[in-house]
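The chain contents come next:
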Amino acid sequence: MSLETQAPLRTPEQRLSFCDRYFTSVGARTLLARPMYREYELPADVDKELIERPFYWMWVEATHQSVEPTVLRLAFDAESHAREEARLNAEQPAAPFSWSVKRRVELVDFGSPLFDRILLSAAQRGRIACVREGDAEREVVPWMMVNGVFAYTADLNREEWFSYAVCLDNLQIVDRFYERIQHRDFSGVPAPDLLRHSRHTVHEAWRHLQRALADHAAAQDDAWAQEAMARLKGDLAQLSAYYESLLDELTDEERSLALQERDRKQAALIEKSAPRIECRVHQVALVGLCVQRAGPSRL
């Protein structure tokens, strides 16, 4: 059973598609859509999450001012960034003052502060979700989905994306679940409306998911951990040898301090480099899938 999926948002096209879906979901208006370029008008709550100006909002709320919505101008590659900057410069009349604010186009890429805040906002808003496909009259089967990463942590780190789900009708486990359902159309639904279709409780489903995730971690080839442990033992031996070489030339008091320092450094090295697997769940969602003729568990 493989949980490994391609890490998302690696291309400009993927980042543009993600931003379109994010801003639509939070109620932002798309004012302009051009190749690899978007302008979004932000609701106030989204503005507060994405643009760091807390004192501005304190002033607005204290004085009950009516303010114009913020417009984000986002380019998703260097070509569109240069093109739209030139367009805005040509359209914008000469500023009456040298310090007048110019309209800016932000390049959306990994590492850009704005895109980091968009990802953080999406993660916080989407940590818990409850959706279904089809209209309310159609029968659905509820699933519990968990999305996240396995972090293989040592002196060298690796992450593996996963999406697992369990059916609340028969406790069937399915991996790569999001990949299987991402093409379907969903809408929000209250959790009680979805759970009334379930034969098993959320707690039962969660226990099955925990076992599946633990089984996956246990089934991994541990060669990486053995190699990391060998490197760690070598580093610890080198550290010990260094301090042993100092002890003969030290007084009793200095020797005690040196050994304490050695122990602290060994503990820090073990904490940093000892191999371990961490399961980091980023999202838990209840998902209602319409019953198919071939059976409710067919994806």
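Above this note sits the structure.
Below you will find a few notes about this structure. (Residues numbered from 1 in each chain as written. Predicted model: local features only at pLDDT ≥ 70, side-chain atom pairs only at ≥ 80, totals over all residues. Heavy atoms only, no water.)

**Overview of the overall build of the protein**
From N to C terminus, the protein includes ten helices and ten strands. For 299 residues, the compact-globule estimate of 2.2 N^0.38 gives 19 Å, and the protein exceeds it by more than 25% at 27 Å. When the accessible area of the protein is evaluated, it comes to approximately 18,200 Å², of which 53% is carbon and sulfur surface. Averaging the coordinates of the 38 positive side-chain charges in the protein and doing the same for the 47 negative ones gives two points 6 Å apart. (Helix = DSSP H or I, 4+ residues; strand = E, 2+ residues; numbered from the N terminus. Rg over C-alpha atoms; globule rule 2.2 N^0.38 Å. Areas by Shrake-Rupley, 256 points an atom, 1.4 Å probe, with all protein chains shown as cover. Lys, Arg positive; Asp, Glu negative; His and termini not counted. Charge placed at Lys NZ, Arg CZ, Asp CG, Glu CD.)

**Considering the sheet that holds strand β2 (residues 37–41)**
Reading across the sheet, the four strands line up as β1-β2-β3-β4 and stay open at both edges, with mixed pairing between neighbours. Where the open sheet ends on each side, the last strands, each with one partner, are β1 (29–34) and β4 (106–107). Sheet strands touched by helix α4 (residues 78–91): β1, β2, β3 (71–75) and β4. Its angle to β2, the strand with the most contacts, is close to 60 degrees. (Pairing = 2+ DSSP bridges. Contact = heavy atoms within 4.5 Å. Axes fitted to C-alpha atoms, helices over the stretch in contact; angles between N-to-C directions.)

**Re the side chain of D169**
By the element assignment, D169 lies in the loop between β7 (158–167) and β8 (173–175). Overall, the relative accessible area of 15% leaves D169 in the buried class. Looking at D169, its side chain comes within polar contact range of the side chain of R199, at 3.0 Å. (Buried < 20%, exposed > 50% of the residue type's maximum accessible area, 1.4 Å probe, protein only. Polar contact = N/O pair within 3.5 Å; in protein donor to acceptor, adjacent residues only side chain to side chain.)

**Some remarks on the pattern of salt bridges**
Scanning all chains against the criterion turns up 26 salt bridges. The residue E261 makes a salt bridge to K265 at a minimum N-O spacing of 3.9 Å. Placement of both E261 and K265 in helix α10 (residues 252–273) is noted, with a separation of four residues, approximately one turn of the helix. Residue classification places K265 among the partly exposed positions, given a relative accessible area of 42%. Put simply, E278 and R276 hold a salt bridge, and the shortest N to O gap is 3.3 Å. (Salt bridge = Lys/Arg side-chain N within 4 Å of Asp/Glu carboxyl O.)

**Things to note about the layout of surface pockets**
Here the largest pocket defines a volume of roughly 1,900 Å³. Around the largest pocket, the lining is made up of 46 residues, and of these F18, R21, N147, Y178 and Q283 lie nearest the centre. Breaking the lining of the largest pocket down by element, the ones donating at least two residues are α1 (12–25), α5 (113–125), β5 (128–132), β6 (140–153), β7, α6 (177–181), β9 (187–188) and β10 (276–290). The element contributing the most residues to the lining of the largest pocket is α1, with eight residues. Residue composition of the lining of the largest pocket, grouped by class: 21 nonpolar, 16 polar and nine charged. (1 Å grid on protein atoms, 1.4 Å probe; cavity = no way out; pocket = protein on both sides within 12 Å on 5 of 7 lines; lining within 4 Å. Points joined across faces, edges and corners; volume = space filled by probe spheres on them. Nonpolar A, V, L, I, M, F, W, Y, C, P; charged D, E, K, R; others polar.)

**Let's talk about unusual backbone geometry**
Its identity is not glycine, yet M36 carries a phi of approximately 60 degrees, on the positive side. If you trace the backbone, M36 turns up in the loop between β1 and β2.

**Section: the nonpolar core**
Residues C19, Y22, F23, L50, L74 and I118 are the most contacted members of the largest nonpolar core, which totals 20 residues. Elements represented by at least two residues in this core include exactly α1, α2 (44–50), β3 and α5. Element by element, the count of residues in this core is highest for α1, at five residues. Contacts of Y22, omitting those with residues within four sequence positions, involve V46, E49, L50, I118, S121, A122 and R125. Core analysis: the next-biggest nonpolar cluster, separate from the first, contains 19 residues, C130, V146, L171 and C290 among them. (Core = buried A, V, L, I, M, F, W, Y, C linked by side-chain atoms within 4.5 Å.)

**A short note on the sheet that holds β5**
The strand order across the open sheet built from six strands is β8-β7-β6-β10-β5-β9, with neighbouring strands paired in mixed fashion. Each of the sheet's edge strands pairs with one partner strand only, and the pair in question is β8 and β9. Alignment of β6 against β7, held across ten bridges, turns out to be antiparallel. The residue of β7 that forms the bridge with N147 is S163.

**Topic: the pairing of β3**
Here β3 lies mainly inside the structure; four of its five residues are buried. As defined by bridge partners, β2 adjoins β3 across five bridges and the pair is classed as antiparallel. When the bridges of β3 are listed, Y37 appears paired with A75. Sheet topology note: the β3/β4 ladder contains two bridges and is parallel.

**A closer look at helix α9 (residues 223–247)**
With 25 residues, α9 should reach 36 Å at 1.5 Å per residue; the first-to-last C-alpha distance of 37 Å fits that figure. Turning to α9, its buried residues are A225, A228, L232, L236, L239, Y243 and L247. Tucked inside the fold, the buried residues of α9 contact α10. (Expected span 1.5 Å × (residues − 1).)

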